[in-house]
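Examination of the molecular architecture
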Amino acid sequence: MLRRPLAVLLLVAWSTAAAQTHRPAPPPAVARDFSLVRAEYSGANALDVVAFMDHYFRVPGNTGFNASLDRVRDILERAGYQPESTAAPGARLTYRIETRPLRGPTWEPVDASLSIVGQDSALLRFATNRNMLAIDSYSTPAGGVIAPLVFAGSGSPAELDSAHVAGKVVLVAGPVRRVFADAVTARGAVGVLGYSMPGYTQPDVHTHSIQFTQIPLDSVHRSWAMPLSKAAYDALRAALDRGPVQVHVETATKIYPSVERTLIAEVLGNVSPDQRFVFSAHVQEPGANDNASGVGTQAEMARTLAALLRRGAIDPGRTITMIWGNEIEQTRNFLADDSVRRRDIHWGVSLDMTGENTAKTGGTFLIEKMPDPSAVWTRGDDHHTAWGGSPVPLSMLHPHYFNDFILDRCLDQAAATGWVVNTNPYEGGSDHTPYIEYHKPGLLFWHFTDVYYHTDGDRLSMVSADEMKNVGVSALVSALTLTSADGPTTRALVSQIEGDGRSRLDREYALSAAAVKAGGPAAHEVEILSAWKAWYVGAIRAMTDIELGGTSPETGRAIDAGAADIGAYADSLIAKLTP
Ligand SMILES: [Zn+2]
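Owing to the predicted nature of the structure, the values given are computational and were not obtained by experimental measurement. (Residues numbered from 1 in each chain as written. Predicted model: local features only at pLDDT ≥ 70, side-chain atom pairs only at ≥ 80, totals over all residues. Heavy atoms only, no water.)

A look at the coordination of the zinc ion
Rules: A 2.8 Å cut-off from the metal defines N, O and S donors, relaxed to 3.2 Å for Na, K and Ca; water is not in the atom list, so some sites may appear incomplete. Four donors are marked tetrahedral only if all angles between them lie between 85 and 135 degrees, whereas four are marked square planar and six octahedral if opposite donors are more than 155 degrees apart and the other angles lie between 65 and 115; the remainder are marked irregular.
Around the zinc ion, the protein contributes the donor atoms His 282 (NE2), Asp 290 (OD), Asp 352 (OD) and Asp 352 (OD), at 2.0 to 2.7 Å from the metal centre. Relative to the metal, the 4 donor atoms surrounding the zinc ion lie at angles of 52 to 142°, and the coordination shape comes out irregular.

Quick look at the structure:
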């Protein structure tokens, strides 16, 4: 018997994985797109972009950020995209680079080292810890500075006061981002060293790993801060336990005026070019997976679309837009800058951390869903990630089919390749959030838990070309399906979403029945099931924006029937709960 409960448990934990193997065949148009895109998309091309960007610590406006954008622009040009300003009439492949002022100067690291005076080798060197300098740190004078080291606990104002930090280097058990202004700007410390590696980075295993961070720009004191690895922090604490310590710190950085560039490429629709499916990939941050992989995945998507369009294999009716630039801002600007354009932006996806080689990084591919009832009541096989999420209010829910539609396409890809696909409830923190702000369907393609997340261990060797291909193919087929859907395809999708709704309602009913059996209030479970009912009735009703050229009467009838059927099915389950 034990075996069985274990089998059931496995089924629940990886319900998504189990669903992978017993998948209904995708609608014919979708299957066709899969075979076209799988044949054209090259994971190696996406990895080339990652290899190029891995050389740079990218911050909006700096050398690495701009070189990465130029690299993608060159790929677009070679693939046949024309600059929008000079494009021939009727051109279907265009791009432009938008320029905006930055709020302050840009920044880039050059070199750094941290040593205990009297010890031969440095504790930290930039060459082996690229994240050892907090963004917006200034350079020390040539040769560096030598100063007494003082420990100030967690760096609270009271602890800083009692440590008398003026003229000293402050060591804290906490994030330098939080302590810097109090220690340097307010109390005249020379600089700050701090340790605050989150548990999911396994600092006891990866003792030399450092997560990048940022401090407030202080052009008066022109100081610096260093997030520490576990090994460096332990060595400094041990040295202080032995007696007074002097540290020698050298930093070299560039801080200079610049502008924010955003690269936008479009495959213009031939029927409803104003209606859009939008992808975004942010360029900044030092990581290979976060987010050179998203940039590379999307660049290869753009090349693949151009190749298929130019040989007449695809002909999207709506526009597919791809944005590369400053995280979240790029997407918020695209939505905010033009209210007419915004009205017809139907779908948005953020490609952020798409390349994890999960055998090395841990974790799985995840679809972070737009807010649905699982983000209000997170239970069963829905789990928040170690990144962190909290319940959302019901008022944040805007029923839509996008979560299930996208999951279905990823599961189609998984069924063909053995790829592991999971989902997590809405958490935020990437380019999908502006869509949620505008009550539009938007979601995130990412991976978690990545043990190298935001650390200087997130380098090229942690990136998988196959993983980026799985993500890129699923993303592209999703966009091609929704930008070219005819009546039969739309109706096939309606019945698929209805099927997804039934299996979700079945799972929720099983959880609710168990909760009531365990003595829980039935009214609470009815509220949850009613929310899922409203979700799927609304999700199917929202499918009126799929059929190209507008919903035909036949499709309209299918949508009405599907919404009515799923509503009735939910009611039958609710009735069973409250006999
Ligand atoms: Zn990211």
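Some points on the nonpolar core
Heads up, the rule is: To form a nonpolar core, buried Ala, Val, Leu, Ile, Met, Phe, Trp, Tyr and Cys residues must be joined to one another through side-chain atoms within 4.5 Å. Under the scheme applied here, a residue whose accessible area is under 20% of the maximum for its type counts as buried, over 50% as exposed, and between as partly exposed, the area being computed with a 1.4 Å probe on protein chains only. The split of the chain into domains comes from an automatic or database domain assignment.
Membership of the largest hydrophobic core comes to 100 residues, with the highest contact counts inside it found for Tyr 81, Phe 279, Trp 324, Phe 402 and Phe 445. Among the domains, domain 1 (17–104 + 260–484) and domain 3 (488–577) are the pair contributing at least three residues each to this core. In this structure, Phe 126, Leu 193, Tyr 233 and Val 245 belong to the second largest nonpolar core, which totals 31 residues.

Describing the environment of Phe 65
Counted only if it meets this: To qualify as a helix, a DSSP run of H or I must reach at least 4 residues; to qualify as a strand, a run of E must reach at least 2; elements of each kind are numbered from the N terminus. Whether two residues touch is decided by their heavy atoms; if any such pair falls within 4.5 Å, the residues are in contact.
By the secondary structure assignment, Phe 65 is in helix H5 (residues 63–79). With 143 residues separating them in the primary sequence, Phe 65 and His 208 have C-alpha atoms 26 Å apart. Apart from residues lying up to four places away in sequence, Phe 65 is in contact with Arg 58, Val 59, Pro 60, Arg 261, Val 283, Gln 284, Gly 325 and Asn 326.

Points about the pattern of salt bridges
Here is the rule: A side-chain nitrogen of Lys or Arg and a carboxyl oxygen of Asp or Glu constitute a salt bridge if their distance falls within 4 Å.
Scanning all chains against the criterion turns up 36 salt bridges. One salt bridge in this structure joins Arg 100 and Asp 337, with 2.6 Å as the shortest N-O distance. With Arg 100 in strand E2 (residues 93–101) and Asp 337 in the loop between helix H10 (329–336) and helix H11 (339–343), this pair connects stretches of sequence that are 237 residues apart. Assessed through its relative accessible area of 48%, Asp 337 is described here as partly exposed. Through salt bridges with shared partners, a single ionic network connects Lys 369, Asp 372, Arg 379, Asp 382, Arg 504, Glu 508 and Glu 525.

Things to note about the environment of Gly 472
Take Gly 472: it is sitting in helix H16 (residues 465–483). The sequence separation of Gly 472 and Ser 42 amounts to 430 residues, and the corresponding C-alpha distance is 9.2 Å. Leave out the neighbours within four places in its chain, and Gly 472 touches Tyr 41, Thr 297 and Met 301.

Description of the pairing of strand E14 (residues 364–368)
Selection rule: Pairing between strands requires that DSSP locate at least two bridges from one strand to the other.
Within E14, 5 of the 5 residues are buried, leaving the element largely enclosed by the surrounding structure. Looking at chain direction, E14 and strand E15 (residues 421–424) are connected through 4 bridges and run parallel. The residue of E15 that forms the bridge with Glu 368 is Asn 424.

Quick word on the packing of aromatic side chains
Any aromatic ring pair is given by two values, namely how distant the centres are and how the planes are angled relative to each other. Note the following rule: Here the aromatic set is Phe, Tyr and Trp, taking the six-membered ring for Trp, and pairing holds for ring centres within 6.5 Å; pairs whose planes are under 30 degrees apart are stacked, those over 60 apart are edge-to-face, and all others are tilted.
Within the structure shown, the criterion is met by 13 aromatic pairs. When the ring of Tyr 200 is compared with that of Tyr 453, the centres are 6.2 Å apart and the planes differ by 50°; the resulting orientation is tilted. Taken together, the residues Tyr 200 in the loop between strand E7 (191–194) and strand E8 (225–227) and Tyr 453 in the loop between strand E16 (442–448) and H16 connect sequence positions 253 residues apart. Each ring, one from Phe 448 and one from Tyr 453, has its centre 5.1 Å from the other, and the planes form 85°; the classification is edge-to-face. By the burial criterion, Phe 448 is buried, and Tyr 453 matches it.

Details of the domain arrangement of the protein
Per the domain assignment, the segments of the protein are domain 1 (17–104 + 260–484), domain 2 (106–256) and domain 3 (488–577). Each of domain 2 and domain 3 was reduced to a C-alpha centroid, and the two centroids are 54 Å apart.

Brief notes about the sheet that holds strand E6 (residues 169–172)
In space, the 7 strands of this open sheet follow the order E4-E3-E9-E5-E6-E7-E8, with mixed pairing throughout. Edge positions in the sheet fall to strand E4 (124–125) and E8, since each of these pairs with one other strand and no more. In terms of strand pairing, strand E3 (residues 106–116) meets strand E9 (residues 246–256) through 10 bridges, oriented antiparallel. Bridge pairing links Ser 115 to His 248 in E9.

Observations concerning the packing of helix H4 (residues 43–53) against helix H9 (residues 292–310)
Cut-off, in case you're wondering: Between N-to-C directions, angles span 0 to 180 degrees; the directions come from axes that are lines fitted to C-alpha atoms, helices contributing only their stretch in contact. Each angle gets one of four labels, with under 35 degrees taken as roughly parallel, over 145 as roughly antiparallel, 65 to 115 as roughly perpendicular, and the rest as oblique. Left-handed is the label given to a crossing in which the near helix is rotated counterclockwise from the far helix by less than a right angle, and right-handed is the label when the rotation is clockwise. In this count, Pro and Cys sit with the nonpolar residues alongside Ala, Val, Leu, Ile, Met, Phe, Trp and Tyr, while Asp, Glu, Lys and Arg are called charged and the others, Gly among them, polar.
Here H4 crosses H9 at 140°, and the two axes come no closer than 8 Å. Comparing the axis directions of H4 and H9 gives the class oblique. For H4 against H9, the interelement crossing comes out right-handed. For the pair H4 and H9, the contacting residues are Asn 45, Ala 46, Val 49, Val 50 and Met 53 in the first and Ala 292, Ser 293, Val 295, Gly 296, Thr 297, Ala 299, Glu 300 and Arg 303 in the second. Counted by class, the contact of H4 with H9 contains 7 nonpolar, 4 polar and 2 charged residues.

Some points on the side chain of Glu 427
Note the following rule: For this count, His and the chain ends are skipped, Lys and Arg are scored as positive, and Asp and Glu as negative.
Mapped onto the elements of the fold, Glu 427 is located in the loop between E15 and helix H15 (433–437). This buried residue, Glu 427, is left without a salt bridge; Lys 369 holds the nearest opposite charge, at 11 Å. The residues contacting Glu 427, other than those within four sequence positions of it, are Glu 368, His 384, Thr 385, Trp 387, Gly 388, Gly 389 and Trp 446.

Remarks on the pairing of E16
Most of E16 sits out of view: 7 of its 7 residues are buried. The side-chain alternation of E16 yields two buried faces, one formed by Gly 442, Leu 444, Trp 446 and Phe 448 and the other by Leu 443, Phe 445 and His 447. By the bridge criterion, 4 bridges tie strand E13 (residues 345–351) to E16 in an arrangement that is parallel. Bridge assignment links Leu 351 to a residue of E16, and that residue is Phe 445. Pairing geometry for E14 and E16, over 5 bridges, is antiparallel. By the bridge assignment, Leu 366 is partnered in E16 with Trp 446.

With respect to the sheet that holds strand E10 (residues 259–267)
An order of E1-E2-E10-E12-E11-E13-E16-E14-E15 is seen for the 9 strands of this open sheet, with the pairing classed as mixed. At either end of the open sheet lies a strand with only one pairing partner, and these are strand E1 (82–83) and E15. Against the sheet, H5 makes contact with E1, E2, E10 and strand E12 (318–325), and its axis sits at roughly 20° relative to E10, the strand it touches most. Against the sheet, H9 touches E2, E10, strand E11 (272–282), E12 and E13, its axis set at about 150° to E12.

Looking at the environment of Arg 491
Its place among the elements puts Arg 491 in helix H17 (residues 487–517). Excluding residues within four positions of it along the chain, Arg 491 makes contact with Ser 552, Glu 554, Thr 555 and Ala 558.

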